[in-house]
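# A closer look at the structure
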Amino acid sequence: LTFDVDPNSLEGRGLKAFGTIKELATRRSLFYKNFKNVRHWETGMMHSSIRQCSTVTRRHSMSAVNLQQLPKPNKGKIRDLLVSRYNNGLIISADLSGAELRLGAALSKDANLLACFVGDNKKDMHSLTASSAMRLRWGNEVVDILMEELQAKDEYDLFLKLRQHHNEKAPEDPDTLRALGKNTNFASSYGGSAPKLAELLIIPLEEAEQMLQAKYDTYPRYEEWKLEIEAQMEKTGYALTYKGARRHLRDALLSENKWERAKAQRQGPNFMIQGSCGEALRLAMCDLWDSGILWNLRCNFIAPVHDELVLDSHPDDAFEVAKTLHKCMVQENYMEDVPFVSSLSIGTSFYDQPEIEFSDPEVFEDEKVREAIDKALQRYNEIA
C-alpha cells in the first residue's frame, strides 16, 4: 500500500473499493450470514452465550451471537437488531468512558496523564499528545512563530488556540492532528510498535514514529511504569490487576524464544489495564444486581458489550433504570486517584443511541435524562 496515491485516481478508487469489499466480507461472515441461523425456535430471538472466565484478560466473551464484535454505529446498522421487548420500550446503555486511559493514569502516576482526569482544570489527553507532535511534524521554527503570534504560554496552549481560532497559518488542520493523537493514544496503549501503528491507522511509518515519540515525550512516567512492570514480572512471574487478580506468565518469560518473551512482557501491562477494566465492569454488574431494579422495575439486562452495560426498559421505568445504571457505573470505591466516569445513551434500539451530554460526567442530571427519554419516544411516534 502506497500513501502518495491520488484518492480520486483509478488506483485510489480501486484501493477504496478493495477496502470496502474486505469490510463487507467481514460483516457477512460475522453477522449477515450467521445471525439468521441462531434465532431461538420458540421466541424468535437470539440468546447469546456469555462466558465469564474464558479470556486471560478477565473480560467477558460471547458466542451465538458475539455481541462483543458489533460494529460501531457508523459502520452499519447491525446494532439495530437489539430492540426492547416492551411496547415502545427503550434500550439504555452506560459506558465506562476512557476506562483504559484512566487506569493507565492511576497505575502509572504519570503527572501529565493524571492532569487529564483529576483537578479543576483538566487537560484534554488527545490534544496534549497532538501538541507534543507539532514540533516533530511542523518544525521548531514554525511552532515558535505561531507561539509568538498567538501569545501562547506553551505548546498545549498554542494547540488549543489553533483549534479555537482555526488559524490558517497552521501547517495542518488541528482537529485532524488531534484525531491522530487520539488514535495513537488508544492504539499504542499496550506496547504497539511504529510499524503496527502505521498498519492500524493506515499512515506512513515516519508519521507513526513521530506520533509515538510525541506520546512518549508527553507521558514519560507511563513508559517508565511499563518497564518497571516488566522488571517486576521477571522476579515474580505474574502480573496483577488493580484489585489483585493474577495472570501467570512465568513460562513465557523464561522461554528461550525471544518473541515469546517479548510478547509476555507486553502482556503484563496489558493485563493490568484490560483486566482491571473487566474487573470494574463486573463490580458495576454486581452493584446493578444488588440495586434490585432487575425485579423491582420492568427492565431486562441484555449484555455487557466491552465496557458497556446494556439494558432494556419499559418507557415508564426508563428514568429510574437509567439513574440506577449510571450510579453503578460511576464507582467511587474502585480507584483512589482517578474516578471512573460513565457516558449514558438512550434510544429505541442499540443502534439509535444518542449520548446524553452531562455537564459533569460524574453527576447524573435528571432534566437531561428525561429529555432524552421524551425524544426517544417521539421517534417511535414518527415511525408510527
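Below is a summary of the structure that appears in this document. (Residues numbered from 1 in each chain as written. Predicted model: local features only at pLDDT ≥ 70, side-chain atom pairs only at ≥ 80, totals over all residues. Heavy atoms only, no water.)

What follows is about the environment of Ile-346. With respect to the helices and strands, Ile-346 occurs in strand S8 (residues 342–347). Take Ile-346: its relative accessible area is 1%, and that puts it in the buried class. Once the C-alpha coordinates of Ile-346 and Glu-320 are considered, the two residues, 26 residues apart in sequence, prove to be 13 Å apart. Residues in contact with Ile-346, not counting those within four places in the same chain, are Leu-90, Ile-91, Ile-92, Ala-322, Asp-352, Gln-353, Pro-354, Ile-356, Val-369, Ile-373 and Arg-379. (Helix = DSSP H or I, 4+ residues; strand = E, 2+ residues; numbered from the N terminus. Buried < 20%, exposed > 50% of the residue type's maximum accessible area, 1.4 Å probe, protein only. Contact = heavy atoms within 4.5 Å.)

This next bit is on the pattern of salt bridges. Counted by the stated rule, this structure contains 20 salt bridges. Residue Glu-23 pairs with Arg-27 through a salt bridge whose shortest N-O separation is 2.5 Å. Here Arg-27 and Glu-23 lie together in helix H1 (residues 10–35), a separation of four residues that amounts to about one turn. A salt bridge links Asp-175 to Arg-163; its shortest N-O distance comes to 2.8 Å. On the criterion of sequence distance, the pair formed by Asp-175 in helix H7 (residues 174–187) and Arg-163 in helix H6 (residues 155–165) is long-range, its members being twelve residues apart. Assessed through its relative accessible area of 32%, Asp-175 is described here as partly exposed. Residue Arg-163 is classed as partly exposed on the basis of its relative accessible area of 28%. A single salt-bridge network, built from bridges that share partners, covers Arg-59, Glu-100 and Asp-307. (Salt bridge = Lys/Arg side-chain N within 4 Å of Asp/Glu carboxyl O.)

It is worth spelling out the sheet that holds strand S3 (residues 90–96) at this point. With respect to topology, five strands assemble into an open sheet ordered S6-S7-S3-S8-S9, the strand pairing being antiparallel. Since the sheet does not close on itself, it has two edges, and those belong to strand S6 (299–305) and strand S9 (355–356), each with one partner. Two elements, S3 and S8, share six bridges in a ladder whose sense is antiparallel. In the strand pairing of S8, Ile-91 is matched with Gly-347. Where helix H12 (residues 258–291) meets the sheet, it contacts S3, S6 and strand S7 (308–313), and its direction lies at approximately 25° from that of S7. Contacts from helix H15 (residues 366–383) reach S3, S8 and S9 within the one sheet, and its direction differs from that of S8 by about 30°. (Pairing = 2+ DSSP bridges. Axes fitted to C-alpha atoms, helices over the stretch in contact; angles between N-to-C directions.)

A few words on the packing of helix H8 (residues 194–201) against helix H9 (residues 205–218). Where H8 contacts H9, the axes come no closer than 8 Å and their chain directions differ by 110°. The orientation of H8 relative to H9 falls into the category roughly perpendicular. Where H8 crosses over H9, the handedness of that crossing is right-handed. Here Ala-194, Pro-195, Leu-197 and Ala-198 of H8 lie close against H9, whose contacting residues are Leu-205, Ala-208, Glu-209 and Leu-212. Here the residues of the contact of H8 with H9 sort into seven nonpolar, no polar and one charged. (Parallel < 35°, antiparallel > 145°, perpendicular 65-115°, else oblique. Left-handed = near helix turned anticlockwise from the far one by under 90°. Nonpolar A, V, L, I, M, F, W, Y, C, P; charged D, E, K, R; others polar.)

For the pair helix H2 (residues 99–108) and helix H10 (residues 220–236), the least separation of the axes is 9 Å and the interaxial angle reads 75°. Compared by their axis directions, H2 and H10 come out roughly perpendicular. In this structure, H2 contributes Gly-104, Leu-107 and Ser-108 to the contact, and H10 contributes Arg-221, Tyr-222 and Trp-225. Tallied by class, the residues present in the contact of H2 with H10 amount to three nonpolar, two polar and one charged.

Following the criterion strictly, the structure yields zero disulfides and no others. Free cysteine: Cys-53, not disulfide-bonded; nearest cysteine sulfur from Cys-286 at 12 Å. Look at Cys-53 and you get exposed, because its relative accessible area is 75%. Among the cysteines around Cys-277, which has no disulfide bond, Cys-286 carries the closest sulfur, lying 16 Å off. (Disulfide = S-S within 2.5 Å.)

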